[in-house]
Amino acid sequence: MNTKEVVLKALALKKCIPAFNVPHTPMVKPIAEAIRDENSVAMIQVARVEWEKMGAISMERSAEEYAKYANAHTLLHLDHIPVIDEDFKRVDYLSLIERAIRAGFQSVMIDGSRLPLEENIAVTAEVAARAHAAGIPCEAELGAVMGHEAEVPPYEEIFAKKMGFTKLDEATRFAKESGCDWLSVAVGNIHGAVAEAVRNQKKPEAKLDVAHIADLSRVTGIPLVLHGGSGVNHQCLLDAIGAGIAKINVGTELRQTYEAALAASNGDIEAARDALYRRTRDYIHNYLYNGDLMDAISK
Ligand code: 13P
C-alpha cells in the first residue's frame, strides 16, 4: 500500500485511518491482528515520548517488532518528533527523522507546534523535503493539542476559550508553504496525559468544533489529522470525519487497556494482549465503523 494514497483515498471516502500508538512493544502483535481481522486499514505508530518515558525502548526496536507482525492491512508511522518537547527541551529532530527513514517507517511526523509560525513552517519544509526524497509522506502540526505537558488547563476552559485552536489564516499559509502532506489540528481535541503521576487517569470526554474542522479542510485542501483520539465524543468524531479528518491517533485508550489487563493478571503478557486485541477490534468496529475499510480503499 502507498501510505499517501491510502490517506487521500480515506479522505475522498469520508473515512478515516486509525493510527494506534504502541508505547509497549508487546502491544504491536494484538493490534496488527485486530486490524487484519477487522479487514481494516490502519497505522501502527510510535512517538519519541513513548521510548523516552514509556516502554517502547527505541524507534528501531518498535520497527523490528512491527516487521514481525506486519500484514497487508498495516502501515508503520513515526508519530510526534517534537522540535521542542513536552518538557520544553530542544530535540535533534533531523537525526531522528533520518533514523526513522533508515528503519523503514512509511511516514513521519514533525511537530513544530511549540515554535512560532515562521519557524514551524521552515522546520516542516526541511523535514517534508527529506521525507519526500525518501518517498514517504510527512505529517505536521499547527496549533496546540495540549495534554502531554506536565501542566494543562482544565478541559472545559480549553474548549470554551478555544485555547490553542488552529487559526484559519495560519493554516492556509502553512499548507501552502510547508509542503506537509497531512496536518494535525487543534479543534477541541487533547492528548491523554503522559506524565507518570496522571497517565492512568480517565481522559475527559473531548468535544470537537466540527464547523472549524470543515473550514480548515477547505482552506488547506489536505487530509487533516486528529490527535488525542481516545475518549472523543462519538457523534463529534463521526461528524469530524465527514468534515475532513482522515487520520486519527489513538494512544491512551489502548495503553490503559493493556496496562490494566497486565496488572490484573499479575504480568501475564498473553492475557494483556488478548484484552488489547478485543479492545482494538471494538474501537475499529463500533467506534470508527471501519471494519472492511480494506475493501473500500482497494476499489
Ligand atoms: P490519546 O493518547 O489521547 O489517544 O492521543 C494519542 C495521540 O494523539 C498520539 O499522537
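Q: Account for unusual backbone geometry, with residues named and values stated.
A: Glycine aside, the phi torsion of most residues is negative, and most peptide linkages are trans. In the Ramachandran plot, Lys162 falls in the positive-phi region, its phi being about 50 degrees despite a non-glycine side chain. Residue position: Lys162 is located in the loop between helix 7 (155-160) and helix 8 (168-178).

Q: Describe the pairing of strand 5 (residues 138-142), and please don't skip the residues or the numbers.
A: Of all 5 residues in strand 5, 5 are buried; the element is thus mostly enclosed. Burial along strand 5 is two-sided: the face carrying Cys138, Ala140 and Leu142 and the face carrying Glu139 and Glu141 are both buried. With 3 bridges connecting them, strand 4 (residues 107-111) and strand 5 associate as parallel partners. Bridged to Met109 within strand 5 is Glu139. One crossover worth recording links strand 4 to the parallel strand 5 by way of helix 6 (residues 117-133), and it is right-handed. Where strand 5 lies against strand 6 (residues 182-185), 4 bridges are found, and the strand directions are parallel.

Q: Can you tell me about the packing of helix 5 (residues 93-103) against helix 6, naming the residues and giving the values?
A: To describe two helices that pack against each other, one gives the angle between their axes and the distance between the axes. Between helix 5 and helix 6, the shortest axis-to-axis distance is 11 Å and the interhelical angle comes to 20 degrees. Relative to helix 6, helix 5 is oriented roughly parallel. Note that helix 5 runs across helix 6; the crossing there is right-handed. For the pair helix 5 and helix 6, the contacting residues are Tyr93, Leu94, Ile97, Glu98 and Ile101 in the first and Val123, Glu126, Val127, Arg130 and Ala131 in the second.

Q: Tell me what's going on with the packing of aromatic side chains, and back it up with residues and numbers.
A: In this structure the tally under the stated criterion is 4 aromatic pairs. With centroids separated by 6.1 Å and ring planes inclined at 80 degrees, the aromatic side chains of Phe20 and Tyr283 adopt a geometry described as edge-to-face. Within this pair, whereas Phe20 is found in strand 1 (residues 17-21), its partner Tyr283 is found in helix 12 (residues 269-287), the two being separated by 263 residues in sequence. Pair check on accessibility: Phe20 and Tyr283 agree, each one buried. Pairwise contacts between aromatic rings join Phe20, Tyr283 and Tyr287 into one cluster. Residue placement shows Arg114 over the ring face of Phe88; its charged tip is 5.7 Å from the ring centre. The aromatic ring of Phe159 is capped on one face by Lys207, whose charged end is 5.2 Å from the ring centroid.

Q: Tell me about the site of the ligand, and name the residues and values.
A: Asp79, Lys203, Gly228, Ser230 and Thr252 are the nearest of the 15 residues found near the ligand. One of the backbone nitrogen or oxygen atoms of Gly251 is found 2.8 Å away from an oxygen atom of the ligand. Within the complex, 96% of the 310 Å² of free accessible area of the ligand lies under protein. Elements with a contribution of two residues or more to the shell around the ligand: strand 3 (74-82) and strand 8 (245-250). Split by residue class, the shell around the ligand holds 2 nonpolar, 11 polar and 2 charged.

Q: With reference to specific residues and values, describe the packing of helix 2 (residues 28-37) against helix 4 (residues 59-69).
A: Direction vectors running N to C along helix 2 and helix 4 enclose 40 degrees, while the axes themselves pass 9 Å from each other. If you check the angle between helix 2 and helix 4, you find them oblique. As for the relative orientation of helix 2 and helix 4, their crossing is right-handed in sense. For the pair helix 2 and helix 4, the contacting residues are Val28, Lys29 and Ala32 in the first and Glu65, Tyr66 and Tyr69 in the second. Looking at the contact of helix 2 with helix 4, its residues break down into 4 nonpolar, no polar and 2 charged.

About the thresholds
- Residues numbered from 1 in each chain as written.
- Predicted model: local features only at pLDDT ≥ 70, side-chain atom pairs only at ≥ 80, totals over all residues.
- Heavy atoms only, no water.
- Helix = DSSP H or I, 4+ residues; strand = E, 2+ residues; numbered from the N terminus.
- Buried < 20%, exposed > 50% of the residue type's maximum accessible area, 1.4 Å probe, protein only.
- Pairing = 2+ DSSP bridges.
- Right-handed = clockwise from strand over helix to strand, strands pointing away.
- Axes fitted to C-alpha atoms, helices over the stretch in contact; angles between N-to-C directions.
- Parallel < 35°, antiparallel > 145°, perpendicular 65-115°, else oblique.
- Left-handed = near helix turned anticlockwise from the far one by under 90°.
- Contact = heavy atoms within 4.5 Å.
- Phe/Tyr/Trp six-rings, centres within 6.5 Å; stacked < 30°, edge-to-face > 60°.
- Lys NZ or Arg CZ within 6 Å of the ring centre and 35° of its normal.
- Near = heavy atom within 4 Å.
- Polar contact = N/O pair within 3.5 Å; in protein donor to acceptor, adjacent residues only side chain to side chain.
- Areas by Shrake-Rupley, 256 points an atom, 1.4 Å probe, with all protein chains shown as cover.
- Nonpolar A, V, L, I, M, F, W, Y, C, P; charged D, E, K, R; others polar.

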